[in-house]
Amino acid sequence: MQNYSEVMREYVENHGTALIVAFAAGASVLALRRWLAGGVCRSKARLDGKTVLITGANTGIGKETALDMAKRGARVILACRDMTRAHIAADEIRQQSGNGNVVVKKLDLSSLQSVRDLAKDVEANEDRLDILINNAGVMMCPKWTTEDGFEMQFGVNHLGHFLLTNCLLDLLKKSAPSRIVIVSSLAHERGRIHFDDINLDKDYDRQISYRQSKLANVLFCRELATRLEGTGVTTYSLHPGVIRTELGRHFFPTIALWKRIIFMPFYYMIKSPWEGAQTTIYCAVDESLENTSGLYYSDCAPKTPAPQALDDAAAKKLWDVSASMVGLA
Ligand SMILES: *[C@@H]1O[C@H](CO)[C@@H](O)[C@H](O)[C@H]1NC(C)=O
């Protein structure tokens, strides 16, 4: 009877070529994956005594970002819709970071009332706010509407954060130098702002709507930087990389099964949440960005966004439209 090592040796002799091919394929996948992962935030900046608020922080890159902020010593506020999942995430972050100063607050970005309630709570109960990270987002959902009747992706990804940011500006200014980080996406490059039909009532398309909301993020960051000049509050928008988080929950199920099977290997090559969080972390803490505001970043480096994202007249118009939609005018 053969023992185990003999079986193994025989197997290697008979299948040597196949093993080499498999090994080479594995190594190339890992190399490609590293290449795709792009930049890593190398800043060692500490955040002791500072407060960070991050939206949608109970999963994916938001949770990774929150964990990083906690490890740097910040008081971290997770502003989330699902309180059960948020409390579980907060427990994990406290354990993994050894920082007990992680709290959960209720925020539903699809409700202006919820946004105002959270902002009021923060204003009343927090001494300071050093970093606001607008991370939460919905992607490629069907035609849904927010509590206030806005199309869901524009309503949550842009309008909810627009109101939240404006409501927290006084506290951010008081805590200056402070930062506002807005998670956008490469998808903005194919977007445009449909000023004549901003809720896409005439012809809803989940991709067109997503791209519009992500372009709105970059334009908002730009206009906000102009308005905050001289206050010590700086703004940053970014592309986090393609990330296999639950953002895909409305996208993956929409494609055919055979495509899902073909895409499986790629699924494992795209960025993990840790890798995906790096550019957000970089914008939030990197010392080299302290005097920079209003720009767009990808892979932990500045990147020129699409031409329509550099249109200052559109940025201003979008501000006015948004202000009137959320009742800030
Ligand atoms: C930012 O500006 C201040 C004041 O001018 C300067 O001391 C500091 O070195 C600048 N930081 C960077 C990273 O350029």
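Whatever comes next refers back to the structure up there.
All of these numbers come straight from a predicted model, not from anything done at the bench. (Residues numbered from 1 in each chain as written. Predicted model: local features only at pLDDT ≥ 70, side-chain atom pairs only at ≥ 80, totals over all residues. Heavy atoms only, no water.)

### What about the nonpolar core?
Thinking step 1. Residues Leu-53, Leu-132, Leu-168, Leu-172 and Ile-180 are the most contacted members of the largest nonpolar core, which totals 50 residues.
Thinking step 2. Elements with a contribution of two residues or more to this core: strand S2 (75-80), helix H4 (112-125), helix H5 (152-174), strand S5 (178-183), helix H6 (206-227) and helix H10 (312-325).
Thinking step 3. If one sorts the elements of this core by residue count, H5 sits on top with eleven residues.
Thinking step 4. If we ignore the near neighbours within four places in the chain, the residues touching Leu-168 are Ala-119, Val-122, Glu-123, Leu-129 and Leu-132.
Thinking step 5. One finds Ile-61, Ile-131, Ile-133 and Leu-238 within the second-largest nonpolar core, a separate group that totals 35 residues. (Core = buried A, V, L, I, M, F, W, Y, C linked by side-chain atoms within 4.5 Å. Buried < 20%, exposed > 50% of the residue type's maximum accessible area, 1.4 Å probe, protein only. Helix = DSSP H or I, 4+ residues; strand = E, 2+ residues; numbered from the N terminus. Contact = heavy atoms within 4.5 Å.)

### Considerations on helix H2 (residues 60-71)
Thinking step 1. Spanning twelve residues, H2 covers 17 Å between terminal C-alpha atoms, matching the ideal 16 Å at 1.5 Å per step.
Thinking step 2. Of the residues making up H2, those classed as buried are Gly-60, Ile-61, Gly-62, Thr-65, Ala-66, Leu-67, Asp-68, Met-69 and Ala-70.
Thinking step 3. In the stretch just after H2, Gly-73 is the one whose phi turns positive, near 100°. (Expected span 1.5 Å × (residues − 1).)

### Considerations on the sheet that holds S2
Thinking step 1. On the basis of which strands lie adjacent, the open sheet formed by eight strands has the order S3-S2-S1-S4-S5-S6-S7-S8 and mixed pairing. One side of each edge strand has no neighbouring strand; the edge strands of this open sheet are strand S3 (102-106) and strand S8 (301-302).
Thinking step 2. Sheet topology places strand S1 (residues 51-55) next to strand S4 (residues 131-134); three bridges connect them, and they run parallel. In the sheet register, Val-52 faces S4, and the bridge partner there is Ile-131.
Thinking step 3. Running at roughly 170° to S3, helix H3 (residues 83-97) makes contact with S2 and S3 of the sheet. (Pairing = 2+ DSSP bridges. Axes fitted to C-alpha atoms, helices over the stretch in contact; angles between N-to-C directions.)

### Overview of the environment of Ala-74
Thinking step 1. Relative to the assigned elements, Ala-74 resides in the loop between H2 and S2.
Thinking step 2. Filtering out sequence-adjacent residues up to four positions away, Ala-74 remains in contact with Leu-47, Lys-50, Val-52, Met-69, Asn-99 and Asn-101.

### Some remarks on the site of the ligand
Thinking step 1. The environment of the ligand is made up of Glu-287, Glu-290 and Asn-291.
Thinking step 2. One nitrogen or oxygen atom from the side chain of Glu-290 is found 2.8 Å from a nitrogen atom belonging to the ligand.
Thinking step 3. Within the side chain of Asn-291, a nitrogen or oxygen atom sits 2.4 Å from an oxygen atom of the ligand.
Thinking step 4. Burial of the ligand by the protein amounts to 30% of the accessible area it has alone, namely 360 Å². (Near = heavy atom within 4 Å. Polar contact = N/O pair within 3.5 Å; in protein donor to acceptor, adjacent residues only side chain to side chain. Areas by Shrake-Rupley, 256 points an atom, 1.4 Å probe, with all protein chains shown as cover.)

### Quick look at the pairing of strand S6 (residues 233-239)
Thinking step 1. Counting buried positions along S6 gives seven out of seven residues, so the element sits mostly inside the fold.
Thinking step 2. Covered by surrounding structure in S6 are Val-233, Thr-235, Ser-237 and His-239 together with Thr-234, Tyr-236 and Leu-238, the residues of both alternating faces.
Thinking step 3. Note: S5 against S6, six bridges, orientation parallel. The residue bridging Ser-178 from the neighbouring strand is Val-233, located in S6.
Thinking step 4. At this point the chain moves from S5, through H6, to the parallel S6, and the crossover so formed is right-handed. (Right-handed = clockwise from strand over helix to strand, strands pointing away.)

### Here's the deal with the packing of H2 against helix H9 (residues 278-285)
Thinking step 1. Two elements in contact, H2 and H9, have axes separated by 9 Å at closest approach and are oriented at 40°. In terms of orientation, H2 lies oblique with respect to H9. Helix-helix and strand crossings are classified by hand; for H2 and H9 the assignment is right-handed. Every residue of H9 that contacts H2 at Thr-65, Asp-68 and Met-69 is listed here: Thr-280, Ile-281, Ala-284 and Val-285.
Thinking step 2. Among the residues making up the contact of H2 with H9, the classes are represented as four nonpolar, two polar and one charged. (Parallel < 35°, antiparallel > 145°, perpendicular 65-115°, else oblique. Left-handed = near helix turned anticlockwise from the far one by under 90°. Nonpolar A, V, L, I, M, F, W, Y, C, P; charged D, E, K, R; others polar.)

### Re the environment of Ser-111
Thinking step 1. If you trace the backbone, Ser-111 turns up in the loop between S3 and H4.
Thinking step 2. Spatially, the C-alpha atom of Ser-111 lies 5.3 Å from that of Glu-147, the residues being 36 residues apart in sequence.
Thinking step 3. Excluding its chain neighbours within four sequence positions, the residues that come into contact with Ser-111 are Glu-147 and Asp-148.

### Brief notes about the pattern of salt bridges
Thinking step 1. By the definition in use, this model includes 13 salt bridges.
Thinking step 2. Between Asp-68 and Arg-72 there is a salt bridge, and its shortest N-O distance comes to 2.6 Å. The same class applies to Asp-68 as to Arg-72, namely buried.
Thinking step 3. Asp-91 is the partner of Arg-94 in a salt bridge, and the nearest nitrogen-oxygen pair spans 2.7 Å. Pair noted here: Arg-94 and Asp-91 are both in helix H3, with a separation of three residues, about one helical turn.
Thinking step 4. By relative accessible area, which is 27% here, Arg-94 ends up partly exposed.
Thinking step 5. For Asp-91, a relative accessible area of 41% puts it in the partly exposed group.
Thinking step 6. Via salt bridges that share partners, Arg-75, Lys-105, Asp-121 and Glu-126 belong to a single interconnected network. (Salt bridge = Lys/Arg side-chain N within 4 Å of Asp/Glu carboxyl O.)

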